[in-house]
Amino acid sequence: QVQLVESGGGLVQAGGSLRLSCAVSGRTFSNYAMGWFRRAPGKEREFVVAISRSGSSTDYADSVKGRFTVSRDNAKNTMYLQMDSLKPEDTAIYYCAANLGAYRNYARRDMYDYWGQGTQVTVSS
């Protein structure tokens, strides 16, 4: 069984930064492509960013491109999301997800096999 645990969320002012972490246990981390999704109040869960198994490929939603940076450390079984220049519209619960399949259709929620419980990010104006 694979477990994903997010951490690093919190309250920050607009323009500030946060760094989220996603710790993975239970299986070989490097076998999984990974993704971050978020769900804002009253909205559907949406894709934020994906990263391939080796970390050589990344893909971002247009809304976060240039402000967010995803990375992974396969030796530490952890994925990170550096969020800079945060905006109030970034307020959401952020979820990490693991995909055992090929690195494609990474924006689709149904491509992911395992999910974390989420961490709240609140950006005040």
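Just above, that's the structure.
Description of the structure in this document.

The rules behind the values
Residues numbered from 1 in each chain as written. Predicted model: local features only at pLDDT ≥ 70, side-chain atom pairs only at ≥ 80, totals over all residues. Heavy atoms only, no water. Core = buried A, V, L, I, M, F, W, Y, C linked by side-chain atoms within 4.5 Å. Buried < 20%, exposed > 50% of the residue type's maximum accessible area, 1.4 Å probe, protein only. Helix = DSSP H or I, 4+ residues; strand = E, 2+ residues; numbered from the N terminus. Contact = heavy atoms within 4.5 Å. Pairing = 2+ DSSP bridges. Axes fitted to C-alpha atoms, helices over the stretch in contact; angles between N-to-C directions.

1. As for the nonpolar core
Side chains that are nonpolar tend, in soluble globular proteins, to be buried together. Counting residues in each nonpolar core, the largest one holds 34 residues, and the members touching the most others are Met34, Trp36, Met79, Leu81, Met83 and Tyr94. Of all the secondary structure elements, the ones that give two or more residues to this core are β3 (18-25), β4 (33-39), β5 (45-51), β7 (68-73), β8 (78-83), β9 (92-99) and β11 (119-124). When neighbours within four sequence positions are excluded, Met79 is seen to be in contact with Leu20, Ser21, Cys22, Phe29, Met34, Gly35, Trp36, Ile51, Val70, Ser71, Arg72 and Cys96.

2. Some words on unusual backbone geometry
With a phi angle near 55 degrees, Asn77 is a residue other than glycine that sits in the positive phi range. Structurally, Asn77 is set in the loop between β7 and β8. In this structure, Ser85 is a non-glycine residue whose phi angle is positive, near 50 degrees. With respect to the helices and strands, the residue Ser85 is situated in the loop between β8 and β9. On the basis of relative accessible area, Ser85 is assigned to the partly exposed category, the value being 40%.

3. Regarding the sheet that holds strand β1 (residues 3-7)
The strand order β1-β3-β8-β7 describes an open sheet built from four strands, whose pairing is antiparallel. Of all the strands in the sheet, just β1 and β7 have a single pairing partner and so form its edges. Ignoring which end each strand starts from, the neighbouring axes of this sheet average 15 degrees apart. By the bridge criterion, five bridges tie β1 to β3 in an arrangement that is antiparallel. Across the sheet, Ser7 pairs through a bridge with Ser21, a residue of β3.

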